[in-house]
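Residues per chain, in single letters:
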Amino acid sequence: MAAAWEEIRRLAADFQRAQFAEVAHRLSERNCIEIVTKLIAEKQLEVVHTLDGKEYVTPAQISREIRDELHVCGGRVNIVDLQQVINVDLLHIENRANDIVKSEKTIQLVLGQLINESYLDQLAEEINDKLQETGQVTISELCKAYDLPGDFLIQALSRRLGRIIHGQLDQENRGVIFTEAFVSRHRARIRGLFTAITRPTPVSNLITRYGFQEHLLYSVLEELVNTGRLKGTVVGGRQDKAVFVPDIYARTQSNWVDSFFKQNGYLEFDALYRLGIPDPAGYIKKRYKSTQLLFLRAACVGQEIVDQVEASVEEAISSGNWIDVATLLPSSLSVEDVGILLQQVMRSLNKNSSGLVFSDTIVVSEKFLSSCADLFSDMMQQKAEKEMKNNPVNLITEEDLKQASGLENSYANKKDKKDERRKKATEGSGSVRGGGGGNAREIKIKKTKKKGRKDADSDEESQATSTGRNKQLEFPFMSQEEIQDVLKTHMQDCPEELITELAEHLIRPLTKTYQEVVRSVFTSSTSSSGASRRQTMKDLQEEFSNLYNNIRLFEKGIKHFTDETQTNLAKHLLKTVCTDVTNLIFNFLASDSMMTTENYSTITSEVRTKILGKLPEDTKGPLTKLHTSLNGKSVEDFLSCLDSAVDICGIMVKKGDKKKERQVLFQHRQALIEQLKVTEDPALVLHLTSVLLFQFSTHCMLHAPGRSVPQIINFLSGKIPEDQHSLLIKYQGLVVKQLISQTKKTEQGDSDTTDNLEEEERAESIRKELQEITTSIKDLVLRPRKSSVTEE
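Below is a short write-up of the structure. Source: prediction; values computed, not measured.

Criteria and cut-off values
Residues numbered from 1 in each chain as written. Predicted model: local features only at pLDDT ≥ 70, side-chain atom pairs only at ≥ 80, totals over all residues. Heavy atoms only, no water. Helix = DSSP H or I, 4+ residues; strand = E, 2+ residues; numbered from the N terminus. Contact = heavy atoms within 4.5 Å. Areas by Shrake-Rupley, 256 points an atom, 1.4 Å probe, with all protein chains shown as cover. Core = buried A, V, L, I, M, F, W, Y, C linked by side-chain atoms within 4.5 Å. Buried < 20%, exposed > 50% of the residue type's maximum accessible area, 1.4 Å probe, protein only. Patch = residues over 30% accessible without salt bridge, like charges linked within 9 Å, V, L, I, M, F, W, Y side chains within 5 Å. Salt bridge = Lys/Arg side-chain N within 4 Å of Asp/Glu carboxyl O. Lys, Arg positive; Asp, Glu negative; His and termini not counted. Charge placed at Lys NZ, Arg CZ, Asp CG, Glu CD. Phe/Tyr/Trp six-rings, centres within 6.5 Å; stacked < 30°, edge-to-face > 60°. Axes fitted to C-alpha atoms, helices over the stretch in contact; angles between N-to-C directions. Parallel < 35°, antiparallel > 145°, perpendicular 65-115°, else oblique. Left-handed = near helix turned anticlockwise from the far one by under 90°. Pairing = 2+ DSSP bridges.

1. Some details on the overall build of the chain
Per the secondary structure count, the chain includes 34 helices and 17 strands. Sequence separation of at least 24 residues holds for 66% of the intrachain contacts in the chain that already meet a minimum separation of 6. For the chain, the exposed surface amounts to about 44900 Å²; the carbon and sulfur share of it is 50%.

Structure, rendered in structure tokens:
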């Protein structure tokens, strides 16, 4: 034993010497850092740098410090705050916190905060104190107070109910915790309040007034009603419209409803509303499950009323009369409800029952409607015969012509004087309207006028095509007001609204029937005059042949001119003589469809389009091409379309021979000469003289507008003696000056300014000079020389 202690003392002495001995080799701080870094790299050492880089901390130490800090903070600490305390990067703290949460079930990580069970127990004790004081607490208030999510609080507090927290969680609304005393107090208040109610009361009003907790009130109220403690029912469920109806009121209410329905056979929804029934339709369906009812907009009626209405309607239909159902029903029913009831009755009746509903409440039988229509039979026949007598076949009426002429009114005033000259110049055409001097004078001083004319023509064509295509031919019989007057005279017991609707209903069938009556009268009148119809056909063929041969002769004259002048002359011919012959054909075909006019020259593009819509398909194609060719530039194309149309229509054409052509040329020339003798208008004199000189020199007729006179005079150069041509040129210049002077005078008005006086003097001198030369110009034609350039 002594030897052992001796050994121990010797070792202690050696240890003491070793401690006080000087070290021969020491590691520098840099070497230590390198060694630690090497060990960390080889994963033989696991440490973490502090934020200041002066220390190393092991993960276990971090976990230990986190637990210590959580304990110091009372069981709840924010991870961000731990970073400042432990002095390491936040990532390492989060990793160690997650490891702690996984390893220890008593610690939870919520919204970046570590919370242990001791904190939750302390929280539950605080909540319990508040709960006992107020009787109830809401989770939403706790979330705001403790800055924790609601689901987490419900889960944590649910585990402590009955152990730390002495209360219960509302099963309907899990956001409320209340005590038994609170529930008992509420139950007592609810029981007392609802026991005292004697009339229907909205539950929402009671909640607002007495401060009940909504879900708790509905739960307690249902429990008290189901157990029979409260005598009444909750109508409307758990909604804002929920109403508590006490049994004593419900019995009184039911007795009133039953009594009213038994006596009257119907129930108004408004009356049930006033009784305090929030859902009248649902209440009636529930109370009268086995009773057959018809529900309307604002009421419901029993089967007895429906049967009564049905019987009355059937009787009215079978007797050929009418009945107002509103007089059979209670006055409190609206017109809309009466209409719905009547529609139901009409559907339930036999499908073959002939009756119509007017004014929503009146049933009228077909027999009654037929009797009303029969009142107009004699009037139709008389009116149709009178119309045919006054206007035998004039069924393209003045109204159609007014519609067409209305499109031309915008520029018609500008052409009045020219139309007069054109009318005079057309009298020598060799037929009724096919004259060579037609459209006598249309000199255009300004280019804008010519452009406006062109635009107006194109507008007329487009509007005529669009408006006239689908319009149906219809003869008006009577206006609705006139029909009403007739009905009032014969049916004085009918109400005003029925008369109005009957007239509105009858106007279309009466008009349709009237069309048939007029057609039958027209057919009978035309069939009785076969001989006159044959005569008309003969006259038509004669007039058509004259116009056709004139167009052929005019075309020869046009071919003497060059491109632009030839095109203008062709367009003029298409718009005048060619249009006349087209209108003649259209008027002939329209007579078969009861659409003729006495003066075919008044037919416009719109009326032609209207006639095309009535023609059969085999005739419509060629006639459409003929109608379209009038807007072209080629007379040859028009004549080709005309030949096709003539073949379809069956019109015989007498084509002229050489002898006939010479006769037409002579008649045309003589007509122009007679017109030249009587006229004193310088412009018309120049026009007629130019056309006659053209015919003398070429032996061809010419149908030219006034604007083409300068081109005709240029053409005559070399065809007539030079002195005659110079005289024409001079006369043309004076005519142009006179027209310009007249235009300026029209624009400036009648003011007495110096300029106007000078203009008047200048115009007077031009007029005198024209008067002096006019006789010489006429003599070029009326007294021609024996020889001419052409003859040589």
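More follows now that the structure is in view.
2. Remarks on the nonpolar core
The tendency in soluble globular proteins is for nonpolar side chains to be buried as a group. Core analysis: the biggest nonpolar cluster contains 74 residues, and Phe-544, Ile-551, Ile-585, Leu-623, Phe-638, Leu-642 and Leu-728 have the highest contact counts within it. With 13 residues, the top contributor of residues to this core is helix α26 (residues 563-590). Non-local contacts of Ile-585, meaning those with residues more than four positions away in its chain, are made with Phe-544, Leu-623, Leu-626, Leu-642, Val-646, Cys-649 and Ile-651. In this structure, Trp-322, Phe-477, Cys-494 and Ala-503 belong to the second largest nonpolar core, which totals 27 residues.

3. With respect to a negative patch on the surface
A cluster of acidic residues, Glu-125, Glu-126, Asp-129 and Glu-133, forms a negative patch at the surface. By the element assignment, Glu-125 lies in helix α6 (residues 117-134).

4. Observations concerning the packing of aromatic side chains
Taken as a whole and assessed by the stated rule, the structure comprises seven aromatic pairs. An angle of 15 degrees between the planes, with centres 5.2 Å apart, marks the rings of Trp-256 and Phe-260 as stacked. Linking Trp-256 with Phe-260, this pair stays in helix α12 (residues 247-264), spanning four residues, or about one helical turn. A residue is classified by how much of its surface remains accessible, and Trp-256, at 37% relative accessible area, is partly exposed. Seen from their ring centres, Phe-261 and Tyr-288 are 5.2 Å apart, and the 45 degrees between their planes marks the pair as tilted. Taken together, the positions of Phe-261 in helix α12 and Tyr-288 in the loop between α14 (280-287) and β13 (293-295) put the pair 27 residues apart, joining distant regions of the chain. Each of the two residues, Phe-261 as well as Tyr-288, counts as buried.

5. Observations regarding the environment of Leu-267
Position of Leu-267 among the secondary structure elements: in strand β12 (residues 266-268). According to the relative accessible area criterion, Leu-267 is buried, its value standing at 1%. The spatial distance from the C-alpha of Leu-267 to the C-alpha of Val-257 is 7.8 Å, given a sequence separation of ten residues.

6. As for the packing of helix α27 (residues 605-614) against helix α28 (residues 617-629)
Running from N to C, α27 and α28 point in directions that differ by 170 degrees, and their axes come no closer than 10 Å. One way to sum up the angle between α27 and α28 is to call them roughly antiparallel. Our pair here, α27 against α28, has a crossing hand that is left-handed. Facing α27, whose interface residues are Ser-605, Arg-608, Thr-609, Leu-612 and Gly-613, α28 presents Lys-620, Leu-623, Thr-624 and His-627.

7. Remarks on a nonpolar patch on the surface
On the surface, Met-1, Trp-5 and Ile-8 cluster together into a nonpolar patch covering about 400 Å² of accessible area. Mapped onto the elements of the fold, Ile-8 is located in helix α1 (residues 2-20). Assessed through its relative accessible area of 46%, Ile-8 is described here as partly exposed.

8. Considering unusual backbone geometry
Working note: non-glycine residues mostly have negative phi, and peptide bonds are mostly trans. Residue Asp-147 is not a glycine yet carries a positive backbone phi of 55 degrees. Among the secondary structure elements, Asp-147 is positioned in the loop between α7 (139-146) and α8 (150-158).

9. Observations regarding the packing of helix α30 (residues 658-678) against helix α31 (residues 682-698)
The geometry of α30 relative to α31 is characterised by a closest axis approach of 10 Å and an angle of 155 degrees between their N-to-C directions. For the element pair α30 / α31, the angle class is roughly antiparallel. Crossing hand, α30 versus α31: left-handed. Residues Leu-665, His-668, Arg-669, Leu-672, Ile-673, Gln-675 and Leu-676 of α30 pack against Leu-684, Val-685, Leu-688, Thr-689, Val-691, Leu-692, Gln-695 and Phe-696 of α31.

10. Observations regarding the pairing of strand β16 (residues 355-358)
By the bridge criterion, four bridges tie β16 to strand β17 (residues 362-365) in an arrangement that is antiparallel. Looking at β17, one finds that Val-357 is bridged to Val-363.

11. Brief notes about the pattern of salt bridges
Applying the stated criterion to the full structure yields 15 salt bridges. Arg-67 is the salt-bridge partner of Glu-104, the closest N and O atoms lying 2.6 Å from each other. Placement of Glu-104 in the loop between α5 (90-103) and β4 (107-110) and of Arg-67 in helix α3 (residues 59-72) is noted, with a sequence separation of 37 residues between them. The partner of Glu-636 in a salt bridge is Lys-559, and the shortest N-O contact between them spans 3.6 Å. Here Glu-636 is found in helix α29 (residues 635-649), whereas its partner Lys-559 is found in the loop between α25 (530-558) and α26, with 77 residues between them in sequence. By relative accessible area, Lys-559 is classed as exposed at 52%. Shared partners join several salt bridges into a network, and the residues in it are Glu-117, Asp-121, Arg-159 and Arg-160.

12. A short note on the sheet that holds strand β5 (residues 113-116)
Pairing in this open sheet of three strands is antiparallel, and the strands run β3-β5-β4 from one edge to the other. Of all the strands in the sheet, the pair left with one neighbour each is β3 (76-78) and β4. Across this sheet, the average inter-strand angle for adjacent strands is 20 degrees, counted without regard to direction. Where β4 and β5 come together, four bridges link them in antiparallel fashion. Within β5, the residue paired with Val-110 across the bridge is Gln-113. On the sheet, helix α4 (residues 79-86) packs against β3, β4 and β5 and is oriented at approximately 80 degrees with respect to β3.

13. Some thoughts on α27
Residues spaced three or four apart along an α-helix point in a common direction, a consequence of the helix completing one turn every 3.6 residues. A large share of α27 lies buried, amounting to eight of its ten residues. Burial in α27 covers these residues: Ser-605, Glu-606, Val-607, Arg-608, Thr-609, Lys-610, Ile-611 and Leu-612.

14. Observations concerning the environment of Tyr-273
Take Tyr-273: it is sitting in helix α13 (residues 269-274). Tyr-273 gets classed as partly exposed once you look at its relative accessible area, which sits at 48%. Filtering out sequence-adjacent residues up to four positions away, Tyr-273 remains in contact with Pro-278 and Pro-280.

15. Here's the deal with the sheet that holds strand β10 (residues 232-235)
Pairing within the open sheet is antiparallel, and its three strands lie in the order β9-β11-β10. Two strands lie at the open edges of the sheet, namely β9 (201-202) and β10, each paired on one side alone. The sheet contact formed by β10 and strand β11 (residues 243-246) spans four bridges and is antiparallel. Pairing of Val-235 across the sheet is with Val-243, part of β11.

16. What about the side chain of Ser-741?
As for its position among the elements, Ser-741 is in helix α33 (residues 722-748). Of the residues examined, Ser-741 reaches a relative accessible area of 12% and is grouped as buried. Filtering out sequence-adjacent residues up to four positions away, Ser-741 remains in contact with Glu-759 and Ala-763.

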